[in-house]
Amino acid sequence: MVINCADTDGSVTGPFREFYLARAEQQVGYVLVGATYVHPHGKGFDRQLGIYSDPLMPGLADLAAGLSVHCRVGIQLSFKSVGKPPTQFNLEDIQTYRESFRKAAERARAAGFDAVELHACHEYWLNYFLSPHFNRRSDAYGGSLPNRFRLLREVVDSIRTAVGSDLIVGVRLSLNEFVEDGLRLDETIQIGSWLDEMKVDYISASGGIAITQHHTSPPMDVPRASLLPLAAELKKKVSVPVIGVGRLDRPDVFRRSVSDGYCDLAAVARALIADPGYARKVMAGQDQSIRPCIACNHCLLCLQRNEPVRCAVNPFIGRDRMAIPSLKKPVSVVVVGGGPAGLSAAAHASKRGGRVCLFERSSKLGGALRIGHRAPHKEPIKEFADYLADQAQQAGCRILLGREATADIILMDTPDHVIVATGGTSIIPDINGLETHPRVFTAEDVLYAPQIEPGTYLVIGGGAVGLETAELIRTTGAHVTVLEMTDTLGRGMHATRQLLIVERLRTAGVCIHTETTPLLVDGSRVWAKTSEGPCLLGSFDVVVVAAGCRTKDELSQRLVAHTAVSVIGDAVHPRSIREAVSEGLDAALKLGEVSQKK
Ligand SMILES: Cc1cc2nc3c(=O)[nH]c(=O)nc-3n(C[C@H](O)[C@H](O)[C@H](O)COP(=O)(O)OP(=O)(O)OC[C@H]3O[C@@H](n4cnc5c(N)ncnc54)[C@H](O)[C@@H]3O)c2cc1C
Ligand SMILES: Cc1cc2nc3c(=O)[nH]c(=O)nc-3n(C[C@H](O)[C@H](O)[C@H](O)COP(=O)(O)O)c2cc1C
Ligand code: SF4
């Protein structure tokens, strides 16, 4: 994985090293350091790791040495050339960059890596040349498959000649690009067979390009292990080991990918972002204690924004091997709210030695996640809610369910610190006549309801919650229309999810209007403003409002004169799981500081 936290010149930084060490030291067999650019022209992200010059060597050698104590270590050699198709490289460029791959492999060997892997997938340069979708050259590097393979063949050859058998040389391919005129399995199996004859040491079986990234890093909407059948086909045709990948993020799927014969080695990326101890816990059979990846692709969104990778569920990314400091003196903590923010704060405060009491006014822990998982494909959200609840319970927090915390109740026990994690409440937009409609619900009401009545539904709001609620309603056979004021559907979702949910809704016959604002409700009839002027949208049995949340922190103002208070998660400002969980950790880490000030 590119984690985008190297220095701007591509050198290894402390956080970069710590990220990989945290995983390597927990029984991963082979750590492959993600795409590392072999030439400055092939740099894809501001803070990507580089291997293009000798001054980078001390950091690389230190990284390889640190990781090698624990496992075998490889480095993926890459050149990203997005927006510059193969026709834009002349023969001199080809020679220059091919040489850069060779020199990079020599540097990798000198730095102490066991392996290099050539990044020949996901729209990187070597993939560009292989792909009939991108490669429109008419010379010896374009056209027929042998011609399109020529560049990869030359790069492998020159690396082998340079490093002999001292270094493991792997190649990562997109076995299927999932675009009409792209690479398909018949061609990639042929490429695999040639690589086999050339004695590469392994082939890593990925898939997809940028516009089909939902195949590369499948979101929660795509079944687990969906790329494995491709790996299995390749495995039948080559003698070198094949690495399988793609949502092998639960131990049973991970184990079965090898034991059922799909691949020789199983790889995970995001499961190891979410929990650096994934491999160790799988080996020890501690499946329940794995912090589950929810396949939301927030990590990829960070890369798209050119930010360091962060994770929705793992608040330790960027501070990966930090030890949670014990409190120097006992601190009593009240946490208000059992959503992800409150649970994260409570668990970490308890682990620090705090005496923690958590109030949750409903009968269940999990907060908004308890409804957030009800829409189709969102089961991982429930697993994460269960994980958080387990963590807080195991850490020894006192949990009071069905107990609404008021300022008076909280102050009765004179806590040293109160953490307010009370979340947000749904916004009911100010729409003329909305009160005249007989059945108006919030999305939360619908998601919470034991069953959905038949009828025609209008969902106001086409953000993530609106679309997911529309999909749930549609699964019951009800007729659904979605209204979105802006031109963007599924705000808050990663593009890989957005694309799939909009496609599913349209296929299922859900009527979606963008740039359309509700104007007037008159009984069951609804008028809207569109780009072409006002129009009657129709009659709807039920109006569902999915117009976002507002904060509902009323407690902290009353408490702040009496005790130290932190406000976290959606109680500050409605956002997402990532902020809730990381602010929970931050609040727990601040406990000592605040009580010293007191
Ligand atoms: C339908 C839906 C789907 C979502 N899907 C996603 C998603 O896929 N990915 C994502 O990142 N985010 C998603 N979100 C947003 C995410 O769930 C929230 O950002 C997150 O839950 C906020 O966590 P929190 O702990 O701050 O608040 P909440 O989860 O709202 O928890 C607050 C808790 O405090 C309790 N509480 C409030 N006042 C009191 C009181 N006085 N005493 C005791 N208890 C009290 C409430 O009962 C509640 O359990 C979704 C939200 C919704 C509504
Ligand atoms: C944050 C992130 C960075 C990635 N960087 C790379 C990369 O540098 N090279 C690569 O071949 N694949 C990269 N991928 C793809 C993963 O290696 C992997 O193939 C994909 O995410 C599917 O595996 P998973 O379900 O275990 O995450 C990246 C994925 C993520 C989420
Ligand atoms: S950000 Fe989401 S997809 Fe990425 S590792 Fe974390 S939970 Fe998984």
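What counts and what doesn't
- Residues numbered from 1 in each chain as written.
- Chains lettered and ligands numbered in written order.
- Predicted model: local features only at pLDDT ≥ 70, side-chain atom pairs only at ≥ 80, totals over all residues.
- Heavy atoms only, no water.
- Helix = DSSP H or I, 4+ residues; strand = E, 2+ residues; numbered from the N terminus.
- Buried < 20%, exposed > 50% of the residue type's maximum accessible area, 1.4 Å probe, protein only.
- Contact = heavy atoms within 4.5 Å.
- Areas by Shrake-Rupley, 256 points an atom, 1.4 Å probe, with all protein chains shown as cover.
- Lys, Arg positive; Asp, Glu negative; His and termini not counted.
- Charge placed at Lys NZ, Arg CZ, Asp CG, Glu CD.
- Axes fitted to C-alpha atoms, helices over the stretch in contact; angles between N-to-C directions.
- Left-handed = near helix turned anticlockwise from the far one by under 90°.
- Nonpolar A, V, L, I, M, F, W, Y, C, P; charged D, E, K, R; others polar.
- Salt bridge = Lys/Arg side-chain N within 4 Å of Asp/Glu carboxyl O.

A few words on the overall build of the protein chain. Tallying secondary structure elements over the protein chain gives 22 helices and 22 strands in all. Taken along its principal axes, the extent of the C-alpha atoms in the protein chain is 75 × 65 × 40 Å. Within the protein chain, the fraction of its 598 residues that count as buried is 56%. Partitioning the contacts of the protein chain with sequence separation of at least 6, the portion at a separation of at least 24 is 71%. Approximately 24500 Å² of the protein chain is accessible, and the part contributed by carbon and sulfur atoms is 51%. Across the protein chain, the mean location of the 66 positive side-chain charges is 4 Å away from that of the 66 negative side-chain charges.

The next point concerns the packing of helix α13 (residues 340-351) against helix α21 (residues 577-589). Look at α13 against α21: their axes get within 7 Å of each other, and the N-to-C directions meet at 35°. The way α13 lies across α21 gives a crossing that is right-handed. Listed contacts from α21 to Pro-340, Ala-341, Ser-344, Ala-345, His-348 and Ala-349 of α13 are Ala-580, Val-581, Gly-584, Leu-585 and Ala-588. The residue inventory of the contact of α13 with α21, partitioned by class, reads eight nonpolar, three polar and no charged.

Moving on: the pattern of salt bridges. What the rule picks out here adds up to 37 salt bridges. Close ionic contact of Arg-224 with Asp-249 constitutes a salt bridge, the shortest N to O distance being 2.6 Å. Residue Arg-224 is located in the loop between α7 (213-216) and α8 (228-237), and its partner Asp-249 is located in the loop between β6 (242-244) and α9 (251-259); the two are separated by 25 residues in the primary sequence. Among the residues examined, Arg-224 registers a relative accessible area of 28% and is labelled partly exposed. Exposure remark for Asp-249: the relative accessible area of 5% places this residue in the buried category.

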